[in-house]
Amino acid sequence: GISHGKAVAIGMYLITELAVQKGICKKETLYELNSCLVKYGLPTATEPSLSDLSKLCLNDKKRENQNINIIICKGVGESYIHNMSIDEFYNFLNVKG
C-alpha cells in the first residue's frame with residue numbers, strides 16, 4: 001500500500017509533468033513542485049504504471065459519473081479544476097482505458 005499523502009504527491013507531480021508536456025503549465029512550476037516534494041521526502045513516481053494508476057483514479061472522489069475533475073496548475077498559485085470525460089482523461093494521460 002501507499003499512503004494517501006504519497007499518492008497525492010505522485011498524482012500532483014504526474015499531472016503537472018503531463019501539463020508541461022502539453023504546454024498548459026510552465027516548466028518552472030514542475031521544477032518548483034519537484035523541489036518541494038523532495039524537501040519533504042515525498043515521492044514523484046511509483047512502481048505501478050500510469051495505466052494502472054489511471055484506473056485507480058476512477059475510484060477517486062473527484063469522479064462524477066462518466067466525468068472526472070483534475071486539478072491543473074498553470075504556474076505556482078495558478079490552478080484550476082478541469083472537468084473531462086473518462087475518455088478525455090485517458091487521452092490526457094496518454095493511456096488506453
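Residues numbered from 1 in each chain as written. Predicted model: local features only at pLDDT ≥ 70, side-chain atom pairs only at ≥ 80, totals over all residues. Heavy atoms only, no water.

Engineer: Account for the overall build of the protein, with residues named and values stated.
Structural biologist: For the protein, the helix and strand inventory stands at four helices and three strands. When the helices and strands of the protein are placed in sequence order, the string is α-α-α-β-β-β-α. Computed over its C-alpha atoms, the radius of gyration of the protein comes to 13 Å, within 12% of the 13 Å expected for a compact globule of 97 residues. Dimensions along the principal axes, computed over C-alpha positions, put the protein at roughly 35 × 30 × 20 Å. Out of the 97 residues belonging to the protein, those deemed buried represent 30%. Within the protein, contacts between residues separated by at least 24 positions form 50% of all contacts whose residues are at least 6 apart in sequence. Carbon together with sulfur atoms contributes 53% to the accessible area of the protein, which is approximately 6,400 Å² in total. Mean positive and mean negative side-chain charge positions of the protein (11 and 10 charges, respectively) differ by 1 Å. (Helix = DSSP H or I, 4+ residues; strand = E, 2+ residues; numbered from the N terminus. Rg over C-alpha atoms; globule rule 2.2 N^0.38 Å. Buried < 20%, exposed > 50% of the residue type's maximum accessible area, 1.4 Å probe, protein only. Contact = heavy atoms within 4.5 Å. Areas by Shrake-Rupley, 256 points an atom, 1.4 Å probe, with all protein chains shown as cover. Lys, Arg positive; Asp, Glu negative; His and termini not counted. Charge placed at Lys NZ, Arg CZ, Asp CG, Glu CD.)

Engineer: Before we move on, can you summarise the nonpolar core with the specific residues and values?
Structural biologist: Core analysis: the largest hydrophobic core is formed by 21 residues, its most contacted members being Ile70, Phe89, Phe92 and Leu93. Elements with a contribution of two residues or more to this core: helix H1 (4-21), helix H2 (27-39), strand S2 (67-75) and helix H4 (86-93). No other element matches H1, which puts six residues into this core. Not counting chain neighbours up to four residues away, the residues in contact with phenylalanine 92 comprise Ile15, Leu18, Ala19, Lys22, Ile24, Ile70, Ile72 and Met84. (Core = buried A, V, L, I, M, F, W, Y, C linked by side-chain atoms within 4.5 Å.)

Engineer: So, the packing of aromatic side chains: which residues are in play, and what are the values?
Structural biologist: Counting across every chain of the model gives one aromatic pair. Ring geometry for phenylalanine 89 against tyrosine 90: centres 6.2 Å apart, planes inclined by 45 degrees, an arrangement best described as tilted. On the accessibility criterion, phenylalanine 89 (2% relative accessible area) is buried. For tyrosine 90, a relative accessible area of 8% corresponds to the buried category. Directly above the ring of phenylalanine 92 sits lysine 22, whose terminal nitrogen or CZ lies 5.3 Å from the centroid. (Phe/Tyr/Trp six-rings, centres within 6.5 Å; stacked < 30°, edge-to-face > 60°. Lys NZ or Arg CZ within 6 Å of the ring centre and 35° of its normal.)

Engineer: Give me the sheet that holds S2: which residues, what numbers.
Structural biologist: A sheet is described by the order of its strands in space; here three strands give the open sequence S1-S2-S3, paired in antiparallel fashion. The outermost strands of the open sheet, each flanked by one partner alone, are strand S1 (63-64) and strand S3 (78-85). Strands in contact with H4 are S1, S2 and S3; relative to S3, the strand with the most contacts, it is inclined by about 125 degrees. (Pairing = 2+ DSSP bridges. Axes fitted to C-alpha atoms, helices over the stretch in contact; angles between N-to-C directions.)

Engineer: Lay out H2 in plain terms, naming residues and giving numbers.
Structural biologist: In this model H2 runs 19 Å from its N-terminal to its C-terminal C-alpha over 13 residues, within 8% of the 18 Å that 1.5 Å per residue would give. For H2, the complete set of buried residues consists of Thr29, Leu30, Leu33 and Leu37. End-on view of H2: buried residues confined to an arc of 100 degrees, all on one side of the axis. Of the exposed residues in H2, the ones pointing more than 90 degrees away from its buried face are Tyr31, Val38 and Lys39. Here the buried face of H2 lies against H1 and S2. Following H2 by one or two positions, glycine 41 adopts a phi angle in the positive range, close to 70 degrees. (Expected span 1.5 Å × (residues − 1). Arc of directions from axis to C-beta.)

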